[in-house]
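Residues per chain are reported as follows:
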Amino acid sequence: MTADKPVAAGSPGYIRRLGLFDAAMVVMGGIIGGGIFLNPSVVAQRAGTETGVLITWLVGGVIALAGALCFAELGGRRPEAGGGYVYLAEAFGPLPGFLYGWTFLFVINAGGIAAIAVTFARYSTDLAHLPAAAVTPTALIAIILLTAVNYVGVQAGAAVQNVLTILKLAALALLIIAGIAGPLHATGSTSSDAAETVASSGAGLSLRSLGVALPPVLFAYGGWAHANNVGGELRDGSRTLPRAIIVGVAGVILVYVLANVAYLRALGVTRLAASAAPASDVLRQVAGPTGATLIALGIVVSTAGFVNVCILSAPRILQSMAADGLILPGAAKLHPRFHTPHVALIVQSAWAALLTLSGTYAQLLDYVIFGDWLFFGLIAATLFRYRARDARAEPAPPASYRVPGYPVLPGIFVLTAAYVVGSSAISNPLNALIGAMIIALGVPVFLWQRGRTRRPPPLHSV
């Protein structure tokens, strides 16, 4: 994809309408989903102690920030629509870029849209006292409505995202205040199994405990790359994008750590490990049924915001791939009035809706859950190719932002990503094998599409 022609010939281009606040809300909205409300119990079970829980979330935050700093430099260098696809295609060739887009668009992102839309629908229908049969239609309606919003302009999608992200931060603030200001947890456990798990871990945090507790934390911190996908629509993108990523990720780290402080103070590590819905338990403990209802509303807003950011950002990858002749040529064009990748939006949402109806999204996500961090590591590694190009250039090209501690910091992040991928493969080798096969299915699609176009895609190599 060329820097000056990121859309199909004859198609209107992207318009740079979004500012720093919009981009930061996309970053935070892409990271914060339903997990922080529902799943800290897994980390408590694996870390075993209150200190261990907080250390794990802090270490995960530091690693996430290291990755975000890499993406900040990449975004500053190439503030274009398509994000990671652009960096991989330029640095390592069109096939790695295509495999990232293939996996992210049709499995990770679409499966995530389906899964989180169903979570949104379950809480929404429960609050509205609707029957279980209403869950799937509600999820489909959410996908369709949010697609329609983003169809009519990136500003409309960003405005919705801003509101939803602010509301989800407000819900987390309520949780944090309730947990920290409310009554201190009593000793005891609601689950003997959880108590044994925690007690067997000792008073500290061993490297082994950290190793098994860290992967779910790192997955909870993922999602900052969504802002890179809309780089072509940011005002002064080479400066705005790095700032938005740093501000957004730092803000999420603060919120996540404080949320876990609240969980631990209100529930203690043993009850947290035993809880299936810790956020509801904290609010119910402080405010009774009203508190549980409030946090359920918070989860509804949070999941809606996550679905919206997935719908907003990912079609830019599909549009960029299509503009390079790698897939679905019709998706390369932007809407003549709204300047949005309207075909890509429809394709993505239709596939997500189909996954919702089929109920296969959870299994697909299990298969390729390691793929997220596989490509995180590969995308961060493109920095080494860009820096090598800089070293050969005379004079060296200017950069709006550079990762501090290069090459150590990017190297640590790439190794951490490899560890997460390896841990996922070891813990469930069959899923990893099937996931690798799903990713590899993109190779014949890539070769077939390139054969149809009979021309190399217009990509710059680094």
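Notes on the structure follow. (Residues numbered from 1 in each chain as written. Predicted model: local features only at pLDDT ≥ 70, side-chain atom pairs only at ≥ 80, totals over all residues. Heavy atoms only, no water.)

As a further point, take a nonpolar patch on the surface. Taken together, Leu174, Leu294 and Leu297 make up a surface patch of nonpolar side chains, about 230 Å² in accessible area. Examined against the element boundaries, Leu294 turns out to sit in helix 13 (residues 278–313). (Patch = residues over 30% accessible without salt bridge, like charges linked within 9 Å, V, L, I, M, F, W, Y side chains within 5 Å. Areas by Shrake-Rupley, 256 points an atom, 1.4 Å probe, with all protein chains shown as cover. Salt bridge = Lys/Arg side-chain N within 4 Å of Asp/Glu carboxyl O. Helix = DSSP H or I, 4+ residues; strand = E, 2+ residues; numbered from the N terminus.)

On to the packing of aromatic side chains. Evaluation of the coordinates by the stated rule reveals 17 aromatic pairs. Note on Tyr151 and Phe338: the rings are 6.2 Å apart at their centroids and 65° apart in plane angle, and the pair reads as edge-to-face. Highlighted residues: Tyr151 in helix 7 (residues 135–151) and Phe338 in the loop between helix 14 (315–323) and helix 15 (342–358), separated in sequence by 187 residues. Relative to Phe376, the ring of Trp224 has its centre 4.6 Å away and its plane inclined at 10°; by these criteria the two rings are stacked. Of this pair, Trp224 sits in the loop between helix 10 (207–221) and helix 11 (226–229) while Phe376 is found in helix 16 (residues 361–392), placing the two residues 152 residues apart along the sequence. An aromatic cluster of three or more residues is present, and its members are Phe71, Trp224, Trp373, Phe376 and Phe413. The lysine or arginine in question, Arg387, covers the ring of Tyr406, its NZ or CZ lying 4.0 Å from the ring centre. (Phe/Tyr/Trp six-rings, centres within 6.5 Å; stacked < 30°, edge-to-face > 60°. Lys NZ or Arg CZ within 6 Å of the ring centre and 35° of its normal.)

Looking now at the nonpolar core. Of all hydrophobic cores here, the largest spans 133 residues; its most connected members are Phe37, Tyr221, Trp224 and Trp373. Beyond its immediate sequence surroundings of up to four residues, Tyr221 is in contact with Ile31, Trp57, Gly60, Gly61, Ala64, Val252, Ile253, Tyr256 and Val257. Listed in part, the six residues of the second largest apolar core include Phe120, Val300, Val301 and Ala304. (Core = buried A, V, L, I, M, F, W, Y, C linked by side-chain atoms within 4.5 Å. Buried < 20%, exposed > 50% of the residue type's maximum accessible area, 1.4 Å probe, protein only. Contact = heavy atoms within 4.5 Å.)

Within the secondary structure, Asn229 sits in helix 11. Apart from residues lying up to four places away in sequence, Asn229 is in contact with Glu80, Ala81, Gly82, Gly83, Gly84, Phe104, Ser313, Ala314, Arg316 and Ile317.

With the rule as written, the count across this model stands at nine salt bridges. Arg78 serves as the salt-bridge partner of Glu80, at 3.6 Å between the closest nitrogen and oxygen. Residue classification places Arg78 among the buried residues on the basis of a relative accessible area of 10%. A single network of salt bridges, built from pairs that share partners, joins Glu73, Arg77, Arg387, Arg389, Asp390 and Arg402.

At a closest axis distance of 10 Å, the pairing of helix 7 and helix 15 adopts a crossing angle of 175°. Considering the angle they form, helix 7 stands roughly antiparallel to helix 15. For the pair helix 7 and helix 15, the contacting residues are Thr136, Ala139, Leu140, Ile143, Thr147, Asn150 and Tyr151 in the first and His342, Leu345, Ile346, Ser349, Ala352, Ala353, Thr356 and Leu357 in the second. Class assignment for the residues of the contact of helix 7 with helix 15 results in nine nonpolar, six polar and no charged. (Axes fitted to C-alpha atoms, helices over the stretch in contact; angles between N-to-C directions. Parallel < 35°, antiparallel > 145°, perpendicular 65-115°, else oblique. Nonpolar A, V, L, I, M, F, W, Y, C, P; charged D, E, K, R; others polar.)

Everything listed is a geometric property; what it means functionally is a separate question.
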